[in-house]
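Analysis of the macromolecular model
Residues per chain, in single letters:
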Amino acid sequence: MLESLGWNSARQAEFEPFQRLGQVPGRVCLEHNHVFRLMTAAGELLAEVAGRVKYAATGRRDLPAVGDWVAVKVDPSGSRATITAILPRRTSFSRKAAGRETEEQVIAANVDVVLLVFGLDKPENPRAVERYLVVARRSGATPVIVLNKADLQPDPGALAQAVATITDVSGGAPVHAVSARGHDGAVALEPYLAPGVTLALLGPSGVGKSSLVNRLIGADLLQTGDVRDWDQRGRHTSVHRQLVVRPLGGLIVDTPGMRELQLWDSDEQLDETFAGIVALAADCRFRDCQHDREPGCAVKAAVDAGTLPEDRYAHYLQLRGEHAATEKLRDARALQDEKRRARVQGKALKAMQKSRDR
Ligand code: GDP
Ligand code: ZN
């Protein structure tokens, strides 16, 4: 049962200390006003975060997110449940929390495969694909590129051309042309939804992500996924989960937050996406060449020679600039956290000394 939610032996090993305390594992499928809906071996339950966990948190990133595995202490009466710990995240999608510039908020954790969805109703855009690949690689999830609305491209030659253009920049990620409208349009994506595998969809709005989710979950099953619960006043309310278990196997993350992702990328991921530029850079005269105005720059030389497309180079510089800006915010945040920790520790030390002096 837990396996179908993504549980495995590595998780079990991590959980051992909590098991000894009589706690149970749960996976977050919805957050609502600081109350978390968890899927456990014994069914769903609502839980709050232990005060100790909240106090130790240096930011929202240290609080549970949809997809997280957590340790839960269930009150003997079964009426109260408390989240005592978050198990290590294998992957995470985050964005800058609204209002607090430097704060990172995790909006989906432990996603295994991310479908990067684009629409074939518009001309294919390799630069956009590159940007999304950066986000995917940063998260740790395995990217798969989906070109949806294939039904709108009846010319097989043009379709093959679009797939080839995107495959050129996919850095090894598979590329599928599908149609959420067609009869068996999403069949090519089925193999990615093995039991226990968590999948998320990411891409510009209007490309057909919701349609694909409906398709993969099954239109009629989506209604039963919208399970009815009783609220405190005894009314029926519809509860929409943000992590849905698919009866045919696999789990799908469907949070509105995935749509407003901002880049929290790192140099490493940039390099992987722009592997060609990195390979060229080996021939730059200076080790720390910024490929900007340095003499003997092999990257600039390739642009001048026309072997490296100008727009690809410009896009590289632009992404690198955005990355530097987010890094700066992160450093500022880390410094704040460090100061706060030092303050808390200092206070604790003083209190200890005081009690000893007495
Ligand atoms: P989202 O914003 O990415 O979630 O996109 P939606 O799923 O809401 O789809 C946007 C529009 O595209 C809707 O009008 C869909 O009916 C339409 N659409 C989605 N998938 C397909 C497809 O495979 N083919 C065609 N022709 N239209 C599609
Ligand atoms: Zn250079």
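Reading guide: rules and limits
Residues numbered from 1 in each chain as written. Chains lettered and ligands numbered in written order. Predicted model: local features only at pLDDT ≥ 70, side-chain atom pairs only at ≥ 80, totals over all residues. Heavy atoms only, no water. Helix = DSSP H or I, 4+ residues; strand = E, 2+ residues; numbered from the N terminus. Buried < 20%, exposed > 50% of the residue type's maximum accessible area, 1.4 Å probe, protein only. Contact = heavy atoms within 4.5 Å. Areas by Shrake-Rupley, 256 points an atom, 1.4 Å probe, with all protein chains shown as cover. Pairing = 2+ DSSP bridges. Axes fitted to C-alpha atoms, helices over the stretch in contact; angles between N-to-C directions. Core = buried A, V, L, I, M, F, W, Y, C linked by side-chain atoms within 4.5 Å. Domains from an automatic or database assignment. Donors = N, O, S within 2.8 Å, 3.2 Å for Na, K, Ca; no water. Salt bridge = Lys/Arg side-chain N within 4 Å of Asp/Glu carboxyl O. Phe/Tyr/Trp six-rings, centres within 6.5 Å; stacked < 30°, edge-to-face > 60°. Near = heavy atom within 4 Å. Polar contact = N/O pair within 3.5 Å; in protein donor to acceptor, adjacent residues only side chain to side chain. Nonpolar A, V, L, I, M, F, W, Y, C, P; charged D, E, K, R; others polar.

Further remarks concern the overall build of the protein chain. Looking only at helices and strands, the protein chain features 10 helices and 15 strands. Counting only residues that meet the buried cut, the protein chain has 44% of its 358 residues in that class. The long-range fraction of contacts in the protein chain, counting pairs at least 24 apart against all pairs at least 6 apart in sequence, stands at 67%. Of the roughly 19300 Å² of accessible surface on the protein chain, 53% is carried by carbon and sulfur atoms.

One closed barrel accounts for 5 strands, arranged β1-β2-β3-β5-β4; its pairing is mixed. Strand-to-strand, the axes of this sheet are offset by a mean angle of 55 degrees, without reference to chain direction. One ladder, built from 2 bridges, connects strand β3 (residues 43-49) with strand β5 (residues 81-86); its direction is parallel. For Glu48, the partnering residue across the bridge sits in β5 and is Thr82.

Ranked by internal contacts, the top residues of the largest apolar core, which has 50 residues, are Leu38, Phe93 and Ile145. The leading source of residues in this core is helix α3 (residues 126-139), at 5 residues. Of the domains in this structure, domain 1 (3-86) and domain 2 (92-254) are the two that each give at least three residues to this core. Counting residues in each nonpolar core, the second largest holds 21 residues, with Ala180, Tyr192, Leu201 and Val207 among its members.

Attention now goes to the coordination of the zinc ion (ligand 2). Those donors, Cys284 (SG), Cys289 (SG), His291 (ND1) and Cys297 (SG), are the protein atoms that reach the zinc ion (ligand 2), and they lie 2.2 to 2.4 Å from it. All donors of the zinc ion (ligand 2) belong to a single chain; written as a sequence motif, their spacing is C-x4-C-x1-H-x5-C. Given a relative accessible area of 9%, Cys284 falls into the buried group.

With that out of the way, let us pick up the pattern of salt bridges. Under the criterion given, the structure shown has 7 salt bridges. Salt-bridge contacts for Arg37 lead to Glu44; the nearest nitrogen and oxygen are separated by 2.9 Å. For Glu44, a relative accessible area of 38% corresponds to the partly exposed category. With a closest N to O distance of 3.0 Å, Arg246 and Glu190 form a salt bridge. With Arg246 in the loop between β14 (243-245) and β15 (251-253) and Glu190 in the loop between β10 (175-177) and β11 (198-202), this residue pair connects regions lying 56 residues apart in the sequence. Look at the salt bridges and you will find they share partners, linking Arg11, Glu14 and Arg90 into a network.

Let us now look at the sheet that holds β11. As summarised here, the arrangement of the 6 strands in space is β10-β9-β8-β11-β15-β14, forming an open sheet in which the pairing is mixed. With partners counted over all chains shown, the strands left at the sheet margins are β10 and β14, one partner each. Averaged over all neighbouring strand pairs, the angle between strand axes comes to 25 degrees, with direction disregarded. Across the sheet, helix α4 (residues 156-169) touches β9 (142-148) and β10, and the angle it forms with β10 is around 160 degrees. Helix α5 (residues 209-217) contacts β8 (113-119), β9, β11, β14 and β15 of the sheet and is inclined by roughly 155 degrees relative to β11.

Tallying each qualifying case throughout the model produces 4 aromatic pairs. The interplanar angle of 80 degrees and the centroid separation of 5.8 Å between the aromatic rings of Trp7 and Phe15 together place this pair among those described as edge-to-face. Each member of the pair, Trp7 as well as Phe15, carries the same accessibility label: buried. The interplanar angle of 80 degrees and the centroid separation of 5.6 Å between the aromatic rings of Phe118 and Tyr132 together place this pair among those described as edge-to-face. A residue pair is termed long-range when its members are at least 10 positions apart, and Phe118 in strand β8 and Tyr132 in helix α3 qualify at 14 residues. Connected via pairs of aromatic rings, a cluster forms that spans Trp7, Phe15, Phe18 and Trp69.

Bringing the environment of Phe36 into the picture now. Within the element layout of this structure, Phe36 appears in strand β2 (residues 35-40). A sequence separation of 46 residues divides Phe36 from Thr82, and the C-alpha atoms of the two residues are 9.6 Å apart. For Phe36, the residues in contact, after removing those within four places along its chain, are Val28, Leu30, Glu31, Leu45, Leu46, Ala47, Val49, Pro64 and Ile83.

Around ligand 1, the structure places 15 residues, and the nearest of them are Asp151, Gly206, Lys209, Ser210 and Ser211. The contact in question runs from an oxygen atom of ligand 1 to an N or O atom on the backbone of Lys209, over 2.8 Å. If ligand 1 stood free it would expose 580 Å²; the protein chains cover 75% of that surface. When residues in the shell around ligand 1 are grouped by element, the largest group, 3 residues, is from α5. The class makeup of the residues in the shell around ligand 1 is 4 nonpolar, 7 polar and 4 charged.

Glancing now at unusual backbone geometry. Even without glycine at this site, Asn110 takes up a positive phi of about 60 degrees. Positive phi outside glycine occurs at His291, with the angle close to 55 degrees. Tracing the sequence through the fold places His291 in the loop between α8 (275-281) and α9 (298-305). Given a relative accessible area of 7%, His291 falls into the buried group.

The values reported here are purely geometric and, on their own, carry no functional implication.
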